[in-house]
Amino acid sequence: MLEDFFTQLTWLQAIGTTFGVVQVLLARKNNIDNYLFGIVAILISLWVLYQSKLYADIILNLYYLVMSIYGWFFWKFGKEKEETPISYSSKLEHLKALGIVLVCFTGMSYWLRFHTNSDVPLWDAGVSAFAWAGMWLMAKRKMENWIFLNISNAISIPLLIYKELYIYAGLTIFLFIVGTSGYFKWRKIIKNHNREFAPAQ
């Protein structure tokens, strides 16, 4: 029974990983359909994370689900009923992102340490805090989303290995690599856009 249970988790990780890989590759290409694949990956992850007692990651994935829906609509329509372009964060948006990290880490750390049986409260809270901020920036199509998400990935990799979720750890390493290339890909898109719409000399 126990072996069957872990086999099931492994298969679910593999399926979720496949959808997650497609999602991040589409996000790197600035393709709005990334959110559709992301939603499927999130729903699968919720079950796997619950079985592994990574409670902050469960809350994080529920947040991912909400932000994926919001992000799809924002990318599609934006504020002016037209597609939102990639842009750099303003100083205020930087402060908001850092505020999300601080509030999320503090709240999650307290909850995990005193109200759950988590054995990795600080690690789990750290992964969630930076990912919350990164996903918010992603939904607003801000360049800096890749930086915050990669900080989360860097914390998550050893955590997932410790929890013996090796397929998800492999996915997260892949996400880190794609996140790095995604940053430069988006930067190139911005430069090309600025060059295209630059006033004639």
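My aim in this report is to walk through the structure given alongside it, one point at a time. (Residues numbered from 1 in each chain as written. Predicted model: local features only at pLDDT ≥ 70, side-chain atom pairs only at ≥ 80, totals over all residues. Heavy atoms only, no water.)

A short note on the overall build of the protein
Then, in step 1: The helix and strand tally for the protein stands at seven helices and zero strands.
Then, in step 2: Beginning at the N terminus, the succession of helices and strands in the protein can be written as α-α-α-α-α-α-α.
Then, in step 3: Surface exposure of the protein reaches about 11,100 Å², of which carbon and sulfur atoms provide 68%. (Helix = DSSP H or I, 4+ residues; strand = E, 2+ residues; numbered from the N terminus. Areas by Shrake-Rupley, 256 points an atom, 1.4 Å probe, with all protein chains shown as cover.)

Quick word on helix α2 (residues 34-51)
Then, in step 1: Between its terminal C-alpha atoms α2 stretches 26 Å, which fits the 26 Å expected from 18 residues at 1.5 Å a residue.
Then, in step 2: Within α2 the residues assigned to the buried category are Asn34, Tyr35, Gly38, Ala41, Ile42, Ile44, Ser45, Leu46, Val48 and Leu49.
Then, in step 3: Taken from the residues just after α2, lysine 53 is the one with a positive phi, measuring 60°. (Expected span 1.5 Å × (residues − 1). Buried < 20%, exposed > 50% of the residue type's maximum accessible area, 1.4 Å probe, protein only.)

Digging into the nonpolar core
Then, in step 1: Core analysis: the largest hydrophobic core is formed by 49 residues, its most contacted members being Leu54, Tyr63, Tyr64, Met138 and Trp186.
Then, in step 2: Elements that contribute at least two residues to this core include exactly α1 (2-28), α2, α3 (55-77), α4 (91-115), α5 (121-139), α6 (145-162) and α7 (166-196).
Then, in step 3: Broken down by element, the residue count for this core peaks at 10 residues, all from α5.
Then, in step 4: Excluding residues that lie within four positions of it along the chain, leucine 54 makes contacts with Leu49, Val120, Asp124, Leu159, Leu160, Lys163 and Leu165. (Core = buried A, V, L, I, M, F, W, Y, C linked by side-chain atoms within 4.5 Å. Contact = heavy atoms within 4.5 Å.)

A closer look at the packing of aromatic side chains
Then, in step 1: In this structure the tally under the stated criterion is nine aromatic pairs.
Then, in step 2: When the centroid spacing of 6.0 Å and the interplanar angle of 35° are considered together, the rings of phenylalanine 19 and phenylalanine 37 count as tilted. On the criterion of sequence distance, the pair formed by phenylalanine 19 in helix α1 and phenylalanine 37 in helix α2 is long-range, its members being 18 residues apart.
Then, in step 3: Note on phenylalanine 19: relative accessible area 27%, which makes it partly exposed.
Then, in step 4: Aromatic pair tyrosine 183 and phenylalanine 184: ring centres 5.5 Å apart, planes at 90°, arrangement edge-to-face.
Then, in step 5: Residue phenylalanine 184 is classed as partly exposed on the basis of its relative accessible area of 45%. (Phe/Tyr/Trp six-rings, centres within 6.5 Å; stacked < 30°, edge-to-face > 60°.)

Regarding the side chain of arginine 141
Then, in step 1: Among the secondary structure elements, arginine 141 is positioned in the loop between α5 and α6.
Then, in step 2: A polar contact of 2.9 Å, which involves the side chain of arginine 141, links it to the side chain of asparagine 30. (Polar contact = N/O pair within 3.5 Å; in protein donor to acceptor, adjacent residues only side chain to side chain.)

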